[in-house]
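Observations on chain architecture
Below are the chains, spelled out letter by letter.
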Amino acid sequence: MKRMIWDGQGPVFLGKYDPDNGTPEMGFLTGLYQVGCGTRTLTTTPSIERNTINESCTGKRLPLAQLTSARSLSVSLAMQQFDGRTLAKGLAGEHVEKEAGTVTDEVLPTLNPGDYFFLKHPKVSSVVIEDSATTPTEYVAGTHYVVEDADHGRCKLIEHPAGQEGPLKVDYEYGAYGNIAAFSAEDVQTGIIFNGTNQEGYKGRVIIPRLNLAMGGDFGWISDEAASLELSGQALFVPELENDADFGPFMRVDALPV
C-alpha cells in the first residue's frame with residue numbers, strides 16, 4: 001500500500017439529502033452545487049464512546065473489556081467564498097430570490113427632520129413620498145428628503161412641507177434581490193461531497209450524505225479581513241446505506257492511493 005502526505009485541495013459541493021429522489025450511489029444527494037473556491041478547511045472528527053468493564057477476580061478491578069456505546073462523526077466546513085444559499089444554511093433560513101416589483105402606499109413611521117428611514121425593499125428607484133391629506137402634498141427630493149443609498153433603500157428626511165398630514169406614504173420600484181429570513185427554514189438535511197487532490201496528485205473523494213449544518217462560529221459582518229463562514233454539524237445515520245459495504249451509515253471515502 002502506498003504512503004502519502006495529505007494536504008488536500010479541491011471543490012466542495014453541497015446538496016439536499018433526499019432518499020425519495022436521490023440515488024444511493026450519490027448518497028441520495030440532489031441539487032448539488034459548488035460552494036466556491038475560497039474553502040479554508042473541511043474537517044471530520046470521528047468519535048467512538050466505550051464503556052469499560054473491570055474484572056472482579058484479582059480484587060484490583062483491572063480493565064477487562066470495553067463495550068462500544070456510541071459512534072459519531074462531527075463535520076466542519078470553513079470558507080471565505082460562498083453564495084446566498086450557503087449563508088442561509090448558517091442562518092437557519094432559506095435563500096429566496098425576490099423578483100423586481102413596485103410598492104404603493106408603504107407607510108412610514110413618524111419622522112423628524114434629520115431622521116433616517118429605510119424602505120422595505122432594497123435597490124429602489126422612482127421614489128415618491130406623499131402625506132395623507134385629502135389632496136396629498138408630494139415631498140420634493142433634495143428639498144424635503146434625500147435617497148442616500150438606493151441599493152440599501154436608505155433615505156433621510158430633511159424637512160416637512162408646511163401643513164403636512166401624517167402618516168407619510170411612499171411609492172417606489174425595486175430591483176431583484178436575494179433575501180434570507182434567519183431561523184425560518186424547516187430542518188433541511190444537507191450532504192457534502194469533496195473532490196480532493198494532494199500535491200503528489202493523489203485524489204480522494206469524500207461523500208457525507210446527511211448532516212444538520214449550522215453556523216459553527218462568529219461571522220464578521222464588519223472586519224478588516226475577508227469574513228469566514230463556518231458550518232458545522234454532526235453526520236446523521238443513513239438507514240438506507242447501513243448495509244452498503246462502500247458507504248456504511250455515515251461516510252464514504254474513495255480513490256486514495258492503493
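In short, a report on the structure. The structure displayed is predicted, hence computed values, not measured ones. (Residues numbered from 1 in each chain as written. Predicted model: local features only at pLDDT ≥ 70, side-chain atom pairs only at ≥ 80, totals over all residues. Heavy atoms only, no water.)

**Looking at the sheet that holds strand S10 (residues 154-157)**
Basically, it comes down to this: Strand pairing requires that DSSP identify at least two bridges connecting the strands. Runs of H or I in DSSP of at least four residues are treated as helices and runs of E of at least two as strands, each being numbered from the N terminus. Orientation is described by axes fitted as lines to C-alpha atoms, over the contacting stretch for helices, and by angles from 0 to 180 degrees between their N-to-C directions.
Read across the sheet, three strands follow the order S7-S10-S9 without closing on themselves; strand pairing throughout is antiparallel. Strands with a single pairing partner mark the edges of an open sheet, and in this sheet they are strand S7 (116-118) and strand S9 (145-149). Sheet twist, expressed as the average angle between the axes of neighbouring strands with direction ignored, equals 30 degrees. Bridge analysis of S7 against S10 gives three bridges, and the strand direction is antiparallel. Of the residues in S10, the one forming a bridge with Phe 117 is Cys 155.

**A few points about the sheet that holds strand S13 (residues 190-197)**
Consider a sheet: its strands pair through backbone hydrogen bonds, and that pairing is either parallel or antiparallel. Read across the open sheet, the five strands follow the order S2-S1-S13-S14-S17; overall the sheet is antiparallel. Looking at strand neighbours, the two that pair on one side only are strand S2 (29-34) and strand S17 (252-254), the edges of this open sheet. Across the sheet, the axes of successive neighbouring strands diverge by a mean angle of 20 degrees, strand direction being ignored. Note: strand S14 (residues 203-211) against S17, three bridges, orientation antiparallel.

**Some remarks on the pairing of S9**
Look at any regular strand and the pattern is simple: side chains alternate between the two faces of the sheet. In the sheet, S9 pairs with S10 via four bridges, with the strands oriented antiparallel. Considered in S10, the bridge of Asp 149 is made with Arg 154. If you look at the hairpin formed by S9 and S10, you'll find four residues sitting between the two strands, and Gly 153 has a positive phi there, around 65 degrees.

**Points about unusual backbone geometry**
Of note, the bond from Gly 166 into Pro 167 is cis; its omega dihedral lies within 30 degrees of zero at -5 degrees. On the secondary structure map, Pro 167 appears in the loop between S10 and strand S11 (169-174). Non-glycine residue Lys 123 carries a positive phi angle of around 55 degrees. With a phi close to 60 degrees, Phe 183 is a non-glycine residue in the positive phi region. Looking at the secondary structure, you find Phe 183 in the loop between strand S12 (177-180) and S13.

**Quick notes on the environment of Ser 47**
Note the following rule: In this description, contact between two residues means that some pair of their heavy atoms is separated by no more than 4.5 Å.
Looking at the secondary structure, you find Ser 47 in strand S3 (residues 39-54). Counting along the chain gives 13 residues from Ser 47 to Gln 34, while the straight-line C-alpha distance between them is 28 Å. If sequence neighbours within four positions are ignored, Ser 47 has contacts with Ala 70, Arg 71 and Ser 72.

**Describing the packing of aromatic side chains**
Convention followed: Stacked, tilted and edge-to-face are the three classes applied to pairs of Phe, Tyr and Trp rings, where Trp contributes its six-membered ring and a pair requires centres within 6.5 Å; stacked means planes under 30 degrees apart, edge-to-face means over 60, and tilted covers the rest. Partly exposed describes any residue whose relative accessible area lies between the buried limit of under 20% and the exposed limit of over 50%, with all areas from a 1.4 Å probe on protein chains only and scaled to the type maximum. Over a ring means this: the NZ of a Lys or the CZ of an Arg is within 6 Å of the ring centre and within 35 degrees of the ring normal.
Tallied over the full model, the rule gives five aromatic pairs. Judged by centre distance (5.9 Å) and plane angle (70 degrees), the rings of Phe 82 and Phe 219 are edge-to-face. Of this pair, Phe 82 sits in the loop between strand S4 (63-79) and helix H1 (84-90) while Phe 219 sits in the loop between strand S15 (214-215) and strand S16 (229-234), placing them 137 residues apart in sequence. With a centroid separation of 4.8 Å and an interplanar angle of 70 degrees, the aromatic rings of Phe 219 and Trp 221 are classed as edge-to-face. For Trp 221, a relative accessible area of 64% gives the class exposed. A cation over a ring is seen here: Arg 85 above Tyr 33, with NZ or CZ 3.8 Å from the ring centre.

**Here's the deal with the pattern of salt bridges**
Cut-off, in case you're wondering: One side-chain nitrogen of Lys or Arg within 4 Å of one carboxyl oxygen of Asp or Glu is enough to make a salt bridge.
A full pass over the atoms with the stated rule returns five salt bridges. A salt bridge links Arg 154 to Glu 148, with the shortest nitrogen-to-oxygen separation between them at 3.2 Å. Owing to a relative accessible area of 37%, Glu 148 belongs among the partly exposed residues under this scheme. A cluster of three or more residues bridged by salt bridges with shared partners is formed by Glu 148, Asp 149 and Arg 154.

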